[in-house]
Amino acid sequence: MSADHNIFVTEETVEGAADGPLADSTVAVKDNISTEGVRTTCGSEMLDDYVPPYDATVVEKLTEAGATIVGKANMDEFGMGSTTETSAFGPAENPAAPGRVPGGSSGGSAAAVAAGEADLALGSDTGGSIRNPAAFCGVVGIKPTYGLVSRYGLVAYANSLEQIGPLAPTVEEAAALLDVISGPDERDATTRDEGADSDYASAATGDVDGTTVGVPTELVEGADEGVRGRFEAALDDLESQGATVEEVSLPSVEHAVEAYYVIAMSEASSNLARFDGVRYGHSGGFDGNWNEAFSKAREEAFGEEVKRRILLGTYALSAGYHDKYYKQAQDARAWVKQDFDEAFESVDVLASPTMPTPPFEVGESLDDPLQMYLADANTVPANLADLPAISVPAGEVDGGPVGVQFVGPAFGEEEIIRVGSAVEQ
Amino acid sequence: MSDTSPGPEEVRHVADLARVGLDDDEVEKFTDQFADILDYFETLDEVPEVDREADLVNVMREDEVRESLSQEEALANAPETEDGYFKGPNVS
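Parameters at a glance
Residues numbered from 1 in each chain as written. Chains lettered and ligands numbered in written order. Predicted model: local features only at pLDDT ≥ 70, side-chain atom pairs only at ≥ 80, totals over all residues. Heavy atoms only, no water. Helix = DSSP H or I, 4+ residues; strand = E, 2+ residues; numbered from the N terminus. Buried < 20%, exposed > 50% of the residue type's maximum accessible area, 1.4 Å probe, protein only. Contact = heavy atoms within 4.5 Å. Areas by Shrake-Rupley, 256 points an atom, 1.4 Å probe, with all protein chains shown as cover. Core = buried A, V, L, I, M, F, W, Y, C linked by side-chain atoms within 4.5 Å. Buried area = accessible area lost by both parts, 1.4 Å probe. Salt bridge = Lys/Arg side-chain N within 4 Å of Asp/Glu carboxyl O. Polar contact = N/O pair within 3.5 Å; in protein donor to acceptor, adjacent residues only side chain to side chain. Nonpolar A, V, L, I, M, F, W, Y, C, P; charged D, E, K, R; others polar. 1 Å grid on protein atoms, 1.4 Å probe; cavity = no way out; pocket = protein on both sides within 12 Å on 5 of 7 lines; lining within 4 Å. Points joined across faces, edges and corners; volume = space filled by probe spheres on them. UniProt positions renumbered as here; feature names shortened; annotations may be inferred. Pairing = 2+ DSSP bridges. Axes fitted to C-alpha atoms, helices over the stretch in contact; angles between N-to-C directions. Phe/Tyr/Trp six-rings, centres within 6.5 Å; stacked < 30°, edge-to-face > 60°. Lys NZ or Arg CZ within 6 Å of the ring centre and 35° of its normal.

## Focus on the overall build of chain A
Then step 1. Each helix and strand in chain A was counted, giving twelve helices and eleven strands.
Then step 2. Within chain A, the fraction of its 425 residues that count as buried is 65%.
Then step 3. The long-range fraction of contacts in chain A, counting pairs at least 24 apart against all pairs at least 6 apart in sequence, stands at 75%.
Then step 4. Carbon and sulfur atoms make up 43% of the accessible area of chain A, which totals about 13,300 Å².

## Side note on the nonpolar core
Then step 1. In this structure, Phe78(A), Leu311(A), Phe340(A), Leu350(A) and Phe41(B) are the most contacted members of the largest nonpolar core, which totals 72 residues.
Then step 2. Core analysis: the second largest hydrophobic core is formed by 51 residues, Val27(A), Leu120(A), Ala204(A) and Ala394(A) among them.

## Regarding the interface of chain B and chain A
Interfaces are often described in size by the accessible area the parts lose on coming together.
Then step 1. The partner chain A presents 56 residues to the 50 residues of chain B that form the contact.
Then step 2. Of the roughly 4,700 Å² buried at the junction of chain B and chain A (both faces included), carbon and sulfur atoms supply 65%.
Then step 3. If you sort the residues of chain B by the area they bury against chain A, Arg19(B), Leu44(B) and Asn77(B) come out on top, with a joint share of 15%.
Then step 4. Measuring nitrogen to oxygen at the nearest pair gives 3.7 Å for the salt bridge that ties Glu42(B) to Lys324(A).
Then step 5. The interface formed by chain B and chain A contains 15 residue pairs in polar contact (both at pLDDT 80 or more).
Then step 6. At the level of secondary structure, the elements contributing two or more residues to the side of chain B that touches chain A comprise α1 (8-17) and α2 (24-41) of chain B.
Then step 7. Residue contributions to the side of chain B that touches chain A peak at ten residues, all from α2(B).
Then step 8. Considered class by class, the residues forming the side of chain B that touches chain A number 25 nonpolar, nine polar and 16 charged.

## With respect to the layout of surface pockets
Then step 1. Of the pockets and cavities examined, the largest pocket occupies roughly 1,200 Å³.
Then step 2. Along the wall of the largest pocket there are 30 residues; nearest its centre are Lys337(A), Asp386(A), Ala54(B), Asp55(B) and Leu56(B).
Then step 3. Its residues assigned to classes, the lining of the largest pocket shows twelve nonpolar, seven polar and eleven charged.
Then step 4. In this structure, the second largest pocket encloses a volume near 430 Å³.
Then step 5. Forming the walls of the second largest pocket are 13 residues, and the residues nearest its centre are Tyr152(A), Arg187(A), Glu67(B), Ser68(B) and Leu69(B).
Then step 6. Of the residues assigned to the lining of the second largest pocket, the class counts are four nonpolar, one polar and eight charged.

## Considerations on the UniProt feature "active site" (unreviewed entry) in chain A
Residue and element names in this part refer to chain A.
Then step 1. Those places that UniProt annotates as "active site" (unreviewed entry) correspond, in this numbering, to Lys30, Ser105 and Ser129. In summary, the annotated positions, though distributed over 100 residues, converge in three dimensions, the widest C-alpha pair being only 10.9 Å. Of the annotated set named above, Ser129 line the largest cavity.
Then step 2. Among the structural elements, Lys30 can be located in strand β2 (residues 26-30).
Then step 3. On the accessibility criterion, Lys30 (0% relative accessible area) is buried.
Then step 4. Among residues more than four places away in sequence, those in contact with Lys30 are Lys72, Ala73, Met75, Ser105, Ser106, Ser109, Leu122, Gly123, Ser124 and Ser129.
Then step 5. Here Ser106 takes part through its side chain, which lies 3.0 Å from a polar atom of the side chain of Lys30.

## Regarding the UniProt feature "domain: Amidase" (unreviewed entry) in chain A
Then step 1. Residues annotated in UniProt with the feature "domain: Amidase" (unreviewed entry) correspond here to residues 16-416 of chain A.
Then step 2. Split by type, residues 16-416 of chain A is 32% helix and 15% strand. Its first and last C-alpha atoms lie 29 Å apart.

## Section: empty space enclosed by the protein
All names here are of chain A.
Then step 1. Inspection of every chain in the model, using the stated rule, returns three cavities of 30 Å³ or more.
Then step 2. Considering only enclosed or pocket space, the largest cavity measures out at about 80 Å³ in volume.
Then step 3. Along the walls of the largest cavity sit 14 residues, with Gly81, Ser82, Ser129, Tyr260 and Asp376 positioned nearest its centre.
Then step 4. Residue composition of the lining of the largest cavity, by class: three nonpolar, nine polar and two charged.
Then step 5. For the second largest cavity, the calculated volume is near 40 Å³.
Then step 6. Taken together, Lys30, Asn32, Phe78, Gly79, Ser105, Ser124, Thr126, Leu154, Val155, Tyr157 and Glu162 form the lining of the second largest cavity.

## Remarks on the sheet that holds strand β1 (residues 8-10) of chain A
Residue and element names in this part refer to chain A.
Then step 1. Within the open sheet, the eleven strands sit side by side as β1-β3-β2-β4-β6-β5-β10-β11-β9-β7-β8. Their pairing is mixed. Two strands bound the open sheet, and with one partner strand each, they are β1 and β8 (244-248). Geometrically, the sheet is characterised by an average inter-axis angle of 35° between neighbouring strands, direction not taken into account.
Then step 2. Where strand β10 (residues 389-397) meets strand β11 (residues 400-407), seven bridges bridge the pair, whose relative direction is antiparallel. By the bridge assignment for β11, Val392 is matched with Val404.

## Considerations on the pairing of β10(A)
Residue and element names in this part refer to chain A.
Then step 1. By the bridge criterion, three bridges tie strand β5 (residues 140-143) to β10 in an arrangement that is antiparallel. Bridge pairing links Lys143 to Ala389 in β10.
Then step 2. A loop of two residues connects β10 with β11, the two strands running antiparallel in sequence, and Gly399 in this loop sits at a positive phi of about 115°.

## A look at the packing of aromatic side chains
Residues and elements named next belong to chain A.
Then step 1. This model, assessed by the stated rule, comprises 16 aromatic pairs over all chains.
Then step 2. By way of ring pairs, the aromatic residues Tyr50, Phe78, Phe275, Tyr280 and Phe302 are connected into one cluster.
Then step 3. One cation-aromatic arrangement involves Lys324 over Tyr325; the distance from NZ or CZ to the ring centre is 5.6 Å.

Here is the structure:
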């Protein structure tokens, strides 16, 4: 039963078309992806009773492909968190490591797949929110290249960073779901043509003979010993299948976490300004003037992490601090992109542990937000550089599952799917 | 604490700008946490200036009338409506 793990915020079945590539598949959809007529809360009290009047493009594509949607998966409030503990509907539990968090913010989506509550799931990844819970729950997650998948109908947190992507038990199944949701959308001007006639599923050949895998030393040094052991075993395995592994250096990634949070919080402070309790969402009542009613609605209905990010984002963009934080963060973002571009001149993919530790214990990170932010060190660089990345299970250590991450060049989904599938063999 | 970290009054001021009400406990907690987090963000000072080489193109579409939500659908989630309009608080 899903109630055991608090996987779904809303359990409701939406039948898809009679046939199609996903006709035999059930899918859990993260609760920040709009579903017509089905409550979509973003894990927030603010949207406790919000029922979207339209479907996200990815949801239309799912049902056209024959998928059966089985529910809206629990998540960190508005995607802000790394553990699914900031949900207003209570934390989800990790089915693969009882007593531990499932990771976040797509924790419900990953847990649904790990527990067998759904065959497949959709998550969204702003700084690692698909790959982190995939790693912690022992499933596969793909963060696509920015622009590959339409964000129309995704409730925005940080537009320039986030992408919707698949979670599945195997690389091939995740790739097949990506085939369904990718491609241009006239309702999202940031989408590109590359995913239009994709066949990512058939890229899961497991053939890595002649592939060069680069390992950024900066993303391995900070990892736990146990995690490093699993990561190195996965690399040895790839070498035995004919891949070449070489060290590379990406000095810019040392600043990726702070750049990511400055940009994400700044965009969040702007995006979340729409929640005023007038057109939709929790209302603070109409005593007093607009500003007072607005502040009251937001005080009551936003959780602590959301308030923290809105305030820090407002501060970072405010007069006098814009150049100090936001402009420098954009410089760091450009530097990260440049570093990746240079690395891909000599290697096919980059590999690192997805998360530096096994799944956190419940409650472990909540009191120290900075510590929680630092846990995203290995996943945020791909979002800053708009690149595709996959997390594939690489066994377990004491504490739970471990994931290995592969990052590819822009629209290099086939490459990371091919290498990821070799880890499974 | 860094020179630029906001004190409690500045946290309240930013919360006012962002239209997020805070109670006293939250102000105290955020003041402490923001000092740590903003200190950490200051390491961005070490980032070199980087030339951005992105080719930017406009992706404007034709400004044509399209299907949209009905008035009823648009109002369906509003806490209060009147005569087919959203009803909100006083502006001033």
